[in-house]
Amino acid sequence: MYNGKYSDLAKRGLRKGDFVTVGIFLLVVSSAVHWSCGSGTTDNADARGRANEFVNQANFFSGIKAVDKQPGNLSIVRWDPIDTPDAVYSLFKGVGQNGIDFESPFTTSLGNNFTYKPVNRYAENSLCFGVRVSNFGNDRNRKALCTEQQPLLFDGIKNLKRLESGIYVLEWEALPVDNVIYSVFDRQNDEQFNFDQPSYDGIKNNFFGGVSQIERGTKFCYVVRYRHPELAPDTNKKELCTSLEAPIEFDGVGELTALGGGKIKATWKLSKTPDVKNYRLYQGSDFREVVATVDSNTQEAVIQGLVPGRQYNIGVRAADSYQREDRNIQVRAIVVP
């Protein structure tokens, strides 16, 4: 403010009316500036209020509300959203209540639910989920809800059956998982299983029919295990075994008699083994050429079409219904007259 006398102002060319005008102008400018500053302060306060509202809403977010299990091993995670359209929710998961890693969300969502589809996911424990608001406030809720996972139940070998041919077929329940490989392990009599070396591998079906004829006097036991890169190793030891059938008791060929005309007769004693079905006559000590077959009640057989003057070695073996023979190597020689 100018503190000089009015006469000094007059000397500078200002009149009293001019002074009043200047004063009014300064008052108007001062009021305008004050009004403008007041308006800006109000806008900032409103923005801070909305932010605080978001923070408060985030702080009152109730977290995960439900986990609904759906067919196909799906899990629908649900929550009640806060009243803010821009809210983003982070989802967390883990195995068991204490297994959730709340520092590493596996996905985010803008809605109020998320459908989780595991990739061949099977576990003995529950699969648990948590939800947090991620873009407002500092949501640290640790509320978790879990859904019971379908346990991976593989019962191993289920059935061991013998076909009419004597070949065994192994059967099991296939797992509801793609790209599973099954392996068959076997042991003979009192041997131990070698689970490092399968007897049959790379099986993609729920059965295997390549187990060959089992000799009498021998017992085989089988274990079936699955293999999959995303699943824990199968350690089941469930086994099924073939029955141990006693060897056929048979003494082999008894007597050979020349009948003339290129014929000879072979006789033997009947086997005491009850399930013998027939007897086979072989020419040659290597038991490869069958020259006659008769039923289990017959004790003799005539071999025809032999060359006179030639010597023949004849053997006889007993066989059961699966064509398994005894292992006698008894042969007799005769020269056809």
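Colleague: Explain the overall build of the protein to me, please; I cannot follow it from the model alone.
Modeller: When you go through the protein residue by residue, the secondary structure sums to 2 helices and 21 strands. Relative to its 337 residues, the protein shows a buried fraction of 36%. Across the protein, the fraction of contacts at a sequence separation of at least 24, relative to all contacts at a separation of at least 6, is 59%. Only carbon and sulfur atoms are counted for the fraction: they give 49% of the accessible area of the protein, which is about 20,500 Å².

Colleague: I keep staring at the pattern of salt bridges and nothing clicks. Help me out?
Modeller: As a working rule, side chains carrying opposite charge can pair if their charged atoms are close by. Scanning all chains against the criterion turns up 16 salt bridges. Here Asp201 ties to Arg227 by a salt bridge, and the two come within 3.1 Å at their closest N and O atoms. Of this pair, Asp201 sits in strand β11 (residues 200-203) while Arg227 is found in strand β13 (residues 220-227), placing the two residues 26 residues apart along the sequence. For Asp201, a relative accessible area of 44% puts it in the partly exposed group. Between Asp275 and Arg216 there is a salt bridge, and its shortest N-O distance comes to 2.8 Å. Of this pair, Asp275 sits in the loop between β16 (264-268) and β17 (276-283) while Arg216 sits in the loop between β12 (207-211) and β13, placing them 59 residues apart in sequence. Taken together, the salt bridges that share partners define one network made up of Arg162, Arg216, Glu245, Asp275, Asp320 and Arg324.

Colleague: For this particular structure, what's the right way to read the sheet that holds β11?
Modeller: The strands that make up a sheet pair up through hydrogen bonds in the backbone, lying either parallel or antiparallel. One open sheet holds the 4 strands; their spatial order is β11-β10-β13-β14, and the pairing between them is antiparallel. With one partner strand each, in any of the chains shown, β11 and β14 (240-241) form the two edges of the open sheet. Pairing of strand β10 (residues 181-188) with β11, which is carried by 2 bridges, proceeds in the antiparallel orientation. Bridging across to β11, Val184 finds its partner in Tyr200.

Colleague: Looking at this structure, how should I read the environment of Lys143?
Modeller: Tracing the backbone shows Lys143 in the loop between β6 (127-133) and β7 (145-147). Lys143 sits in the partly exposed class, given a relative accessible area of 37%. Placed 12 residues apart in sequence, Lys143 and Val131 show a C-alpha to C-alpha distance of 7.7 Å. Other than its neighbours up to four places away in sequence, Lys143 contacts Ser62, Ile64, Phe102, Phe129 and Gly130. A distance of 2.9 Å separates the side chain of Lys143 from the backbone oxygen of Ile64, its partner in a polar contact.

Colleague: Please explain the sheet that holds β6 as it appears in this structure.
Modeller: One open sheet accounts for 4 strands, arranged β4-β3-β6-β7; its pairing is antiparallel. Where the open sheet ends on each side, the last strands, each with one partner, are β4 (107-109) and β7. The average undirected angle you get between the axes of adjacent strands in this sheet is 30°. Sheet analysis places strand β3 (residues 89-95) next to β6, joined by 7 bridges and oriented antiparallel.

Colleague: Explain the side chain of Asp326 to me, please; I cannot follow it from the model alone.
Modeller: Structurally, the position occupied by Asp326 is in the loop between β20 (311-320) and β21 (331-335). Nearest to the buried, unbridged Asp326 among oppositely charged side chains is Arg317, at 5.1 Å. At 2.7 Å, the side chain of Asp326 and the backbone nitrogen of Ala318 are in polar contact. Side-chain polar atoms of Asp326 contact the side chain of Asn328, separated by 2.5 Å. Residues contacting Asp326, with those up to four places away along its chain left out, are Ile248, Phe250, Arg317 and Ala318.

Colleague: Please clarify how the side chain of Arg216 should be interpreted in this entry.
Modeller: Judged by its relative accessible area of 13%, Arg216 is buried. Of the polar contacts made by the side chain of Arg216, one reaches the backbone oxygen of Ala246; its length is 2.8 Å.

Colleague: Teacher, can you tell me more about the pairing of strand β18 (residues 289-295) here?
Modeller: Sheet faces and side chains relate simply in a regular strand, where the side chains alternate between the two faces. Looking at chain direction, β17 and β18 are connected through 6 bridges and run antiparallel. Across the sheet, Tyr282 pairs through a bridge with Val290, a residue of β18.

Colleague: So what exactly am I meant to see when it comes to the packing of aromatic side chains here?
Modeller: Centre-to-centre distance and the angle between the planes together describe a pair of aromatic rings. For the coordinates displayed, the defined rule picks out 17 aromatic pairs. For the ring pair Phe106 and Tyr116, a centre distance of 5.5 Å and an interplane angle of 70° mean the geometry is edge-to-face. Within this pair, whereas Phe106 is found in the loop between β3 and β4, its partner Tyr116 is found in strand β5 (residues 113-116), the two being separated by 10 residues in sequence. Among the residues examined, Tyr116 registers a relative accessible area of 12% and is labelled buried.

Colleague: Hey, could you run me through the nonpolar core in this one?
Modeller: The nonpolar side chains of a soluble globular protein tend to be buried, and buried together. In this structure, Phe250, Ile264, Trp268, Tyr279, Leu281 and Val316 are the most contacted members of the largest nonpolar core, which totals 21 residues. Those elements giving two or more residues to this core turn out to be β15 (253-258), β16, β17, β18, β19 (300-303) and β20. Here this core takes 4 residues from β20, the largest share from any one element. Here Trp268 is in contact with Phe250, Gly252, Val253, Gly254, Tyr279, Leu281, Val294, Thr298, Gln299, Glu300, Ala301 and Val316, once residues within four sequence places are set aside. Core analysis: the next-biggest nonpolar cluster, separate from the first, contains 20 residues, Leu170, Leu175, Val177 and Ile203 among them.

What counts, and at which threshold
- The numbering scheme is per chain: residues are counted from 1 as the chain's sequence reads.
- Only residues with pLDDT of at least 70 get local features here, since the model is predicted, and only at 80 or more are side-chain atom pairs given and counted; chain-wide, interface and lining totals rely on the full set of residues.
- Side-chain numbers come from the whole structure's heavy atoms, not from hydrogens or water.
- Each helix corresponds to a stretch of at least 4 residues labelled H or I by DSSP, and each strand to a stretch of at least 2 residues labelled E; elements are numbered beginning at the N terminus.
- For every residue, the accessible area (1.4 Å probe, protein chains only) is compared with the maximum for its type, and the residue is labelled buried under 20%, exposed over 50%, or partly exposed between those bounds.
- What makes two residues a contact is simply this: any of their non-hydrogen atoms within 4.5 Å.
- To be clear on the numbers: accessible area is Shrake-Rupley with a 1.4 Å probe, and residue cover counts the displayed protein chains and nothing else.
- Definition used for salt bridges: Asp or Glu carboxyl oxygen within 4 Å of a side-chain nitrogen of Lys or Arg.
- Pairing between two strands is assigned when DSSP locates at least 2 bridges connecting them.
- The term polar contact refers here to a pair of N or O atoms within 3.5 Å; inside protein, the definition further demands a hydrogen-donor-capable atom paired with an acceptor-capable atom, and it admits residues adjacent in sequence only when both atoms are side-chain atoms.
- Comment: axis = line fitted to C-alpha atoms, over the contacting stretch for helices; angle = value between 0 and 180 degrees taken between N-to-C directions.
- Counted as positive: Lys and Arg. Counted as negative: Asp and Glu, with His and the chain ends omitted from the count.
- Under the pairing criterion, centres of Phe, Tyr and Trp rings, with the six-membered ring standing for Trp, must be within 6.5 Å; the plane angle then separates stacked pairs below 30 degrees from edge-to-face pairs above 60, leaving the rest tilted.
- Think of a nonpolar core as a cluster: buried Ala, Val, Leu, Ile, Met, Phe, Trp, Tyr and Cys residues, connected wherever their side-chain atoms sit within 4.5 Å.

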